[in-house]
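Overview (structure and organization)
Chain by chain, the residues:
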Amino acid sequence: MHYTLCDCVMDLIQNSIEAGSSHIQLNMNQSADSLEVSIRDDGCGMTDDELKRATDPFYTDGIKHKHRKVGLGLPFLIQTVTMTDGQFDIRSEKNKGTEIDIRFNLANIDTPPTGHIVSLLYQVLCFQGDYDLTAVRSLSKDGGELSYQVNRNEMLDVLGDLESAASLGLLRDFINSQEEDLLS
Amino acid sequence: MSKMTLEELRKLREAKKQEAAQRDTEGKDTLVIVGMGTCGIAAGAKDVVDALLDELKKVGNENVIIRQAGCMGLCHVEPTVEVRSPGIPNTIYGNVDAEVARKIVRQHIVDGRLVNKHVYDKPAADIIEQ
Ligand code: FES
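The sections below set out a description of the structure shown in this document. Since the model is a prediction, treat every value here as computed from it, not as a measurement.

Here's the deal with helix α1 (residues 5-18) of chain A
All names here are of chain A. With 14 residues, α1 should cover 20 Å at 1.5 Å per step; its first-to-last C-alpha distance of 20 Å lies within 8% of that length. Counted residue by residue, α1 has eleven buried out of 14 residues, so it is predominantly covered. Burial in α1 covers these residues: Leu 5, Cys 6, Asp 7, Cys 8, Val 9, Met 10, Leu 12, Ile 13, Gln 14, Ser 16 and Ile 17. Positive backbone phi, at 75°, marks Gly 20, one or two positions downstream of α1.

Written out as C-alpha cells, the structure is:
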C-alpha cells in the first residue's frame, strides 16, 4: 500500500477544515517506536449517530446509498491502526468540535511508512480557507524531547500570503530548516 | 541549512518582494492549481509541487499563484495541474511528474506554448500539435 501515515493525517486535517474549524491544533510526537498524533478542532462536530456512521464502514441507515456521504477514510485508518497494535480514539460533540488521538505503532511491520513530515506540515498550512492551525512537531530521543511549532496566522503575517510561489518556497525552506534542526 | 528564525524569514520575504517589484508585474496573473486529492497525492502530486516551486525560482518568476485543490475527479490521469495564464486558454495537464512540471513552467508559463503531450482538457483540438 502506498498510503503513508502523513497522508492519513492530511485527510483528517482536511476533514477539520471542511468542518468549518476556525482553529485546529495538530500535535505529532515521535519516538523510536511510536508516532502519536492528536488533532483538536472547533469545527461543526458530529452527533453520536454521525460519528458512528463516520467510523463504521457497515453502518446503514436503511436508505441504501441515497444518503451515504461518508467515505472509507476513517474506517480504513481505524482498521490499519488496530491491526498494527496502535490506538485510536475519537470524540466529537455537535457544534463544538472533534478530538482525535492516534498512536501509530512504528514497531509493527504492517504499519504503513511514516511519510514526509515537512510536506505534510507545509500542505496543511496551505489549504485555502479562513482557518488557523498550530502544528507542534516533537521528537523524543535519549530521554529528551525536542520540538518546533508552526502557526498558520503567524506564517501569513510574516509571508504576506500563502499562495505565491515565492511565499510557498520560503515556507518550505522554513519548515525544512526546523525539521533538519530537530533531526540533527 | 541552519534553523531559520521568524525574523530571518520575514527579511527573506521582504527581499523577494522588492526583487519582484523591480521586475514589475511579470507572471502576476498566472494561477496554477494542483490536484491534491487522495489519488493525486498517491500519484506523486507532492513532487509536482516541489518541482514547480523549484523551477519557478530558477526562472525567477515567483509571482505565480499556486493552489492545492482537492479531488478533481480525474484519478486516471493524476497528478493533474491546471494552468490559467493570460493569453492562453485554461489548460489541464494530466500524468504530470516532476519533469513535466518543470516543462510546464518553462514552456507554458514562461514561453506561452502548451506542453502538448500532457494536455488533458480544454484547448480545442486544433491548437494542440499531436
Ligand atoms: S479521488 Fe481521484 S480524483 Fe478524486
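Looking at the pairing of strand β6 (residues 144-151) of chain A
Residue and element names in this part refer to chain A. Of the pairings in the sheet, the one linking strand β5 (residues 132-141) to β6 comprises eight bridges and is antiparallel in character. Counterpart to Ser 138 in the pairing with β6 is Ser 147. Turn length for the β5-β6 hairpin, with the two strands adjacent in sequence and antiparallel, is two residues, and the turn residue Asp 142 shows positive phi of about 45°.

Observations regarding the packing of helix α5 (residues 152-159) of chain A against helix α1 (residues 6-22) of chain B
With their axes 8 Å apart at the nearest point, α5 of chain A and α1 of chain B run at an angle of 40° to one another. As the angle between them shows, α5 of chain A and α1 of chain B are arranged oblique. Facing α5 of chain A, whose interface residues are Glu 154, Met 155, Asp 157, Val 158 and Leu 159 of chain A, α1 of chain B presents Leu 6, Leu 9, Arg 10 and Arg 13 of chain B.

Comments concerning the sheet that holds strand β2 (residues 34-41) of chain A
Residues and elements named next belong to chain A. The strand order β3-β4-β2-β1-β5-β6 describes an open sheet built from six strands, whose pairing is mixed. Across the chains shown, the open sheet's two edge strands, defined by having one partner strand only, are β3 (87-93) and β6. Here the strands of the sheet are splayed against their neighbours by 10° on average, with no regard to which way each runs. Of the pairings in the sheet, the one linking strand β1 (residues 23-30) to β5 comprises eight bridges and is parallel in character. Within β5, the residue paired with Gln 25 across the bridge is Thr 134.

About the cut-offs
- Residues numbered from 1 in each chain as written.
- Chains lettered and ligands numbered in written order.
- Predicted model: local features only at pLDDT ≥ 70, side-chain atom pairs only at ≥ 80, totals over all residues.
- Heavy atoms only, no water.
- Helix = DSSP H or I, 4+ residues; strand = E, 2+ residues; numbered from the N terminus.
- Expected span 1.5 Å × (residues − 1).
- Buried < 20%, exposed > 50% of the residue type's maximum accessible area, 1.4 Å probe, protein only.
- Pairing = 2+ DSSP bridges.
- Axes fitted to C-alpha atoms, helices over the stretch in contact; angles between N-to-C directions.
- Parallel < 35°, antiparallel > 145°, perpendicular 65-115°, else oblique.
- Contact = heavy atoms within 4.5 Å.

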